[in-house]
Amino acid sequence: MNSKEKLERRLNLGLHICVGLDTDFNKIPKHLLECEDPIFEFNRRIIEATKVSAAAYKLNLAFYEKEGAKGFTSLLKTLEIIPAEILTIGDAKRGDIGNTSAMYAAALFDHLNFDSCTLNPYMGVDSMQPFLLYKDKLHFILALTSNPGSQDFEKLILKDGKFLYEEVIEKINSWNQFQNCGVVFGANNPNELERSVSKMKDLFVLLPGVGAQGGSLEEIVKIFAKEGSNKFLVNISRAIIYAGSGESFESAVSAKLSEYNLVVENNL
Ligand code: OMP
């Protein structure tokens, strides 16, 4: 099963929430700190509590790199226990000159064996190509991000009146010859999403920004439902993984995911 098939299977089951394993050592419940590898143990319990109804898992590499060599071990161990049928996203927003991008791609796909990644398109097509040549993987490329600074460049208006992020979406469509491209679109930009959704119908859309960043899941789902598209994946990290505290935090985590899944179901 390639990455696209993995994702499609879950989306076709009505599962659209990607659990973000952005594990911050300082936020791990105290009773796990005695374990040999608290980050891995926290992730293991989150995965157990969510694997039936998560659409995917996104691991932002920053949270693991921050812990040095130990963090890298936690990352590898976590990837080993994610069920093979669930899409994994390596979020490192890569993109560099071609030969460097080839190394980044090999690290994410050959070594870590992620199913997909996030990419920053600022350096243009040759910085994306080494990734896109991994035809069986999925590549989520930043268009309009969820942070306030998205105004600085992504919202610049080009000579033809288009926003820069709209031009990026056009480019991503032209780079999608192997049907292995996706777009990253901040969930807290519903008006812009409404304008762009029809231009992304051949692309999987990864939407971070619900939960801690305040985006409305309901609004997002309604926009895709109106468009008749189910190619969307909403990433939620902090609001799910830190939903509980204390010894039985897992039950709060699984309840939170069910709550979000219900919002999706009610608005599709
Ligand atoms: P929470 O705000 O805790 O749900 O985490 C959001 C996750 O999505 C983090 O890993 C961010 O790095 C990532 N993200 C954004 O928040 N905004 C974006 O525009 C793009 C991403 C991303 O590429 O995943």
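Residues numbered from 1 in each chain as written. Predicted model: local features only at pLDDT ≥ 70, side-chain atom pairs only at ≥ 80, totals over all residues. Heavy atoms only, no water.

1. Observations regarding the packing of aromatic side chains
Put simply, the rule is: Stacked, tilted and edge-to-face are the three classes assigned to paired rings of Phe, Tyr and Trp, where Trp is represented by its six-membered ring and a pair needs centres within 6.5 Å; plane angles under 30 degrees give stacked, over 60 edge-to-face, the rest tilted. Only DSSP runs of H or I reaching four residues or more are called helices, and only runs of E reaching two or more are called strands; each is numbered from the N terminus. Type-normalised accessible area, obtained with a 1.4 Å probe on protein chains alone, sets the label of each residue: buried when under 20%, exposed when over 50%, and partly exposed for intermediate values. Geometrically, a lysine NZ or arginine CZ counts as sitting over a ring once it is within 6 Å of the ring centre and also within 35 degrees of the ring normal.
Counted by the stated rule, this structure contains eight aromatic pairs. Measuring from ring centre to ring centre gives 5.9 Å for tyrosine 165 and phenylalanine 185, while their planes differ by 85°; the resulting arrangement is edge-to-face. Taken together, the residues tyrosine 165 in helix α7 (residues 164-174) and phenylalanine 185 in strand β6 (residues 181-185) connect sequence positions 20 residues apart. Summarising the burial analysis for this pair, tyrosine 165 and phenylalanine 185 share the class buried. Here the guanidinium or amino end of lysine 155 rests over the ring plane of phenylalanine 163, the centre of that ring lying 5.6 Å away. Note that lysine 231 overlies the ring of phenylalanine 204, its terminal NZ or CZ placed 4.5 Å from the centroid.

2. Brief notes about the site of the ligand
Stated formally: By convention in this text, a residue qualifies as near a molecule or strand provided that one of its non-hydrogen atoms is within 4 Å of it. Think of a polar contact as two N or O atoms within 3.5 Å of one another; within protein, one of them needs to be a possible hydrogen donor and the other a possible acceptor, and neighboring residues in sequence only count if both atoms come from side chains. What sets the accessible areas is the Shrake-Rupley method with a 1.4 Å probe; for residues, cover comes only from the shown protein chains. Method remark: on a 1 Å grid restricted to protein atoms, a set of points is classed as a cavity if a 1.4 Å probe fits but cannot get out and as a pocket if it is open with protein on both sides within 12 Å along at least five of seven lines; lining residues have an atom within 4 Å of a point. For this analysis, a molecule is said to be in a pocket or cavity if more than half of its atoms are within 2 Å of the grid points defining it. Following the grouping adopted for this structure description, the nonpolar residues are Ala, Val, Leu, Ile, Met, Phe, Trp, Tyr, Cys and Pro, the charged ones are Asp, Glu, Lys and Arg, and the polar ones are all others, Gly among them.
Near the ligand you find 17 residues, and of these Asp22, Ser146, Gln213, Ser237 and Arg238 are the closest. Between the ligand and serine 146 there is a distance of 2.6 Å, counted from a nitrogen atom to a side-chain nitrogen or oxygen. Take serine 237: an N or O atom from its main chain is 2.9 Å from an oxygen atom of the ligand. In isolation the ligand offers 510 Å² of accessible surface; the protein chains occlude 89% of this area. With respect to the detected pockets, the ligand is housed in the largest pocket. Breaking the shell around the ligand down by element, the ones donating at least two residues are β2 (56-60), β3 (87-94) and β8 (232-236). Looking at the shell around the ligand residue by residue, the classes come out as five nonpolar, seven polar and five charged.

3. Some points on a nonpolar patch on the surface
The condition that has to hold: For patches, a residue must show more than 30% relative accessible area and have no salt bridge; joins then use 9 Å for like charges and 5 Å for nonpolar side chains, namely Val, Leu, Ile, Met, Phe, Trp and Tyr. For this analysis, a salt bridge means a side-chain nitrogen from Lys or Arg found within 4 Å of a carboxyl oxygen belonging to Asp or Glu.
Together, Ile97, Tyr122 and Met123 make up an exposed nonpolar region whose accessible area comes to about 360 Å². Here tyrosine 122 lies in the loop between β4 (116-119) and α6 (125-132).

4. Quick look at the nonpolar core
To keep it simple, the criterion reads: Throughout, nonpolar core names a set of buried Ala, Val, Leu, Ile, Met, Phe, Trp, Tyr and Cys residues whose side chains join them through atoms within 4.5 Å. Any pair of residues with heavy atoms lying within 4.5 Å of one another is described as a contacting pair.
Counting residues in hydrophobic clusters, the biggest one holds 65 residues, and the most contacted among them are Leu21 and Leu207. In contact with leucine 207, not counting residues within four places along its chain, are Phe185, Ala187, Leu193, Ile220, Phe224, Phe232, Leu233, Val234 and Asn235.

5. Some points on the environment of alanine 255
Tracing the backbone through its elements, the reader meets alanine 255 in helix α11 (residues 249-267). You can call alanine 255 partly exposed: its relative accessible area is 40%. Considering only alpha carbons, one finds alanine 255 and glycine 244, 11 residues apart in sequence, at a separation of 9.5 Å.

6. Thoughts on unusual backbone geometry
For lysine 93, which is not glycine, the phi dihedral falls at a positive 50°. Secondary-structure assignment places lysine 93 in strand β3. Classification of lysine 93 as partly exposed rests on a relative accessible area of 39%. Even without being a glycine, glutamine 179 presents a positive backbone phi close to 50°. In this fold, glutamine 179 is placed in the loop between α7 and β6.

7. Re the side chain of serine 237
Tracing the backbone through its elements, the reader meets serine 237 in the loop between β8 and α10 (238-241). Side-chain polar atoms of serine 237 contact the side chain of asparagine 235, separated by 3.0 Å. The residues contacting serine 237, other than those within four sequence positions of it, are Gly20 and Asp22.

8. Description of the layout of surface pockets
To keep it simple, the criterion reads: Grid points are joined across faces, edges and corners, and a volume is the space filled by probe spheres set on the points.
The computed volume of the largest pocket comes to approximately 480 Å³. What lines the largest pocket is a set of 29 residues, among which Asp22, Lys58, Ser146, Pro208 and Gln213 lie closest to the centre. Every element with two or more residues in the lining of the largest pocket is listed here: β2, β3, β5 (138-144), β7 (204-208), β8 and α10. Among the residues forming the lining of the largest pocket, the class breakdown is 11 nonpolar, 11 polar and seven charged. The space that makes up the second largest pocket amounts to roughly 370 Å³. In terms of lining residues, the second largest pocket is bounded by 18 residues, among which Asn120, Pro121, Tyr122, Leu164 and Val168 are the most central. At the level of secondary structure, the elements contributing two or more residues to the lining of the second largest pocket comprise β5 and α7. Broken down by element, the lining of the second largest pocket gets its largest block of residues, four residues, from α7.

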